[in-house]
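# Topology and contacts: notes
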Amino acid sequence: AEAEHTYDIADIYGPQVRVTDEHNGTDTASVEVWAGEWHIFTAVENTIAFFTDIELVNGHPAISYHAAYVLMYVRATDALGTTWGEPVIVASQGNAYSNSMAIVNGRPAIAYYSTEDGKLMYIRADDANGDSWGEPFAVSGTSFRNMHQSLSLVIVSGQPAIAYECNEPDGLAYIRALDANGDSWGSPIQVAFLFLANYNSMAVINGRPAISYYDIEDNFLLKYVRAGDANGNTWGSPIALECRADIKSSLAEINGNPAIAYAGYPDYTSYLNYVRALDAIGSAWGTPLIVDSEFDDSEWPTLATVNGRPAISYAVASGDTSILRYVQAADPDGNIWHSPMTVQLPGSGQGGATYMSMADVNGRPAISYYFQDPATGTFQLRYAVYY
């Protein structure tokens with residue numbers, strides 16, 4: 001028998017056939033069908049685009065990034081992201097590096113490091129689209145450790161908050177604004193002592209802020225820590241997940257429980273891994289799953305929920321180049337995963353896709369990333385969306 005079907009929504013499907021014999025014995029078989037394809041657009045031509053961060057801003061995808069130490073912002077002119085507006089200089093003073101964007105009281109806002117004076121900075125747009133921006137100011141007077149380290153800006157109990165790493169208090173720190181706009185800020189709180197810079201990812205888990213990070217001093221173990229209250233004024237003790245992580249992890253609440261995507265180190269390789277807690281607060285964790293075993297050098301994972309199921313964007317190394325990949329689970333918890341997809345093939349020579357970030361853009365997975373192809377002189381901020 002043959003059957004035909006047209007899917008109207010781009011997604012991963014598992015159509016199934018059932019057969020029954022003359023003795024009423026039955027069996028089923030299924031096949032994985034990817035409806036749709038990845039479409040790649042150039043958001044900004046001829047630019048450096050380090051540490052991209054993508055968010056849905058007033059219904060359209062938007063990207064923050066830094067180009068030659070200048071903090072930049074660009075927003076699509078349509079809801080899908082097929083065309084893009086002109087990039088806007090957000091902060092040209094202070095040598096911006098690394099950044100994290102969030103919607104703060106209806107407007108985009110960005111936290112970043114200033115390499116000029118070693119401060120943690122914050123800036124919020126003057127309007128809902130991000131067409132113009134206010135003046136940046138130092139959130140904390142303490143210096144950060146390394147301009148390459150990550151930071152996380154999220155909304156905690158209605159007010160912006162930042163997880164970052166600094167010298168005072170020493171290690172992993174947390175600071176929260178005193179108002180909904182982020183015009184004034186409280187004092188930083190030490191979450192965990194860290195000897196060296198350790199990339200972190202913060203999310204609100206079951207109503208409280210929580211952070212994942214890896215601990216260089218403790219055999220590169222992946223760790224998770226959650227606040228003792230809704231505002232993050234107190235913090236619990238970090239939990240070691242007994243798995244070694246490589247630089248950046250990505251924490252998200254997946255179907256009610258915390259989960260982390262990370263590049264792990266079983267047998268001295270760096271496969272893409274996924275692990276989810278067994279409870280809603282993250283006091284106990286399940287067994288990590290290797291999501292992509294085809295490549296053993298994964299990096300820059302971003303974990304998010306797309307159409308009700310966990311999904312991860314990430315890069316894999318192939319020689320001197322970097323390939324952009326995407327993988328989505330077949331169930332809401334992430335117990336079973338589909339086959340990974342290649343989104344962006346590498347360029348020629350050194351380069352490829354780096355500094356990626358992913359978000360659910362109006363029901364579709366979308367990825368921002370920096371693409372380099374030195375052999376052809378191509379340096380672009382790119383945007384990929386599946387439909």
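Check the entry above for the structure.
Residues numbered from 1 in each chain as written. Predicted model: local features only at pLDDT ≥ 70, side-chain atom pairs only at ≥ 80, totals over all residues. Heavy atoms only, no water.

### Here's the deal with the sheet that holds strand β8 (residues 70-75)
Spatial ordering of the open sheet is given by β6-β7-β8-β9, a layout of 4 strands whose pairing is antiparallel. What marks the edges here is a single partner per strand, and that holds for β6 (50-57) and β9 (88-91). Averaged over all adjacent pairs, the angle separating strand axes in this sheet is 25 degrees, with direction ignored. Where β8 meets β9, 3 bridges bridge the pair, whose relative direction is antiparallel. When the bridges of β9 are listed, tyrosine 73 appears paired with valine 88. (Pairing = 2+ DSSP bridges. Helix = DSSP H or I, 4+ residues; strand = E, 2+ residues; numbered from the N terminus. Axes fitted to C-alpha atoms, helices over the stretch in contact; angles between N-to-C directions.)

### Digging into unusual backbone geometry
Even without being a glycine, tyrosine 69 presents a positive backbone phi close to 70 degrees. Looking at the secondary structure, you find tyrosine 69 in the loop between β7 (60-67) and β8. According to the relative accessible area criterion, tyrosine 69 is partly exposed, its value standing at 35%. (Buried < 20%, exposed > 50% of the residue type's maximum accessible area, 1.4 Å probe, protein only.)

### Here we look at the pairing of strand β20 (residues 221-226)
Here β20 lies mainly inside the structure; 6 of its 6 residues are buried. Neither face of β20 is left uncovered, since the one carrying Leu221, Lys223 and Val225 and the one carrying Leu222, Tyr224 and Arg226 both have all their residues buried. What sits between the antiparallel neighbours strand β19 (residues 208-215) and β20 is a turn of 5 residues, in which asparagine 219 has the positive phi angle 60 degrees.

### Overview of the sheet that holds strand β17 (residues 189-192)
The 4 strands are arranged β14-β15-β16-β17 in an open sheet whose pairing can be described as antiparallel. Single-partner strands in this sheet number two, and they are β14 (152-156) and β17. Across the sheet, the axes of successive neighbouring strands diverge by a mean angle of 35 degrees, strand direction being ignored. In this structure, strand β16 (residues 170-176) lies alongside β17, joined through 3 bridges in antiparallel fashion. By the bridge assignment, leucine 172 is partnered in β17 with alanine 192.

### So, the packing of aromatic side chains
Where two aromatic rings form a pair, the distance of their centres and the angle of their planes describe that pair. In this structure the tally under the stated criterion is 17 aromatic pairs. Each ring, one from tryptophan 84 and one from tyrosine 383, has its centre 5.0 Å from the other, and the planes form 65 degrees; the classification is edge-to-face. Of this pair, tryptophan 84 sits in the loop between β8 and β9 while tyrosine 383 sits in strand β31 (residues 378-386); the two residues are 299 residues apart in sequence, bridging distant segments of the chain. The two residues tryptophan 84 and tyrosine 383 agree in class, both being buried. Ring geometry for tyrosine 174 versus tryptophan 235: centroids 5.2 Å apart, planes at 65 degrees, classification edge-to-face. With tyrosine 174 in strand β16 and tryptophan 235 in the loop between β20 and β21 (239-254), this pair connects stretches of sequence that are 61 residues apart. Grouping residues by exposure puts tyrosine 174 and tryptophan 235 together as buried. Here the aromatic cluster, defined as three or more aromatic residues joined through ring pairs, consists of Phe50, Phe51, Trp300, Tyr355 and Tyr370. Above the face of the phenylalanine 371 ring, arginine 382 is positioned so that its terminal group lies 3.9 Å from the ring centre. (Phe/Tyr/Trp six-rings, centres within 6.5 Å; stacked < 30°, edge-to-face > 60°. Lys NZ or Arg CZ within 6 Å of the ring centre and 35° of its normal.)

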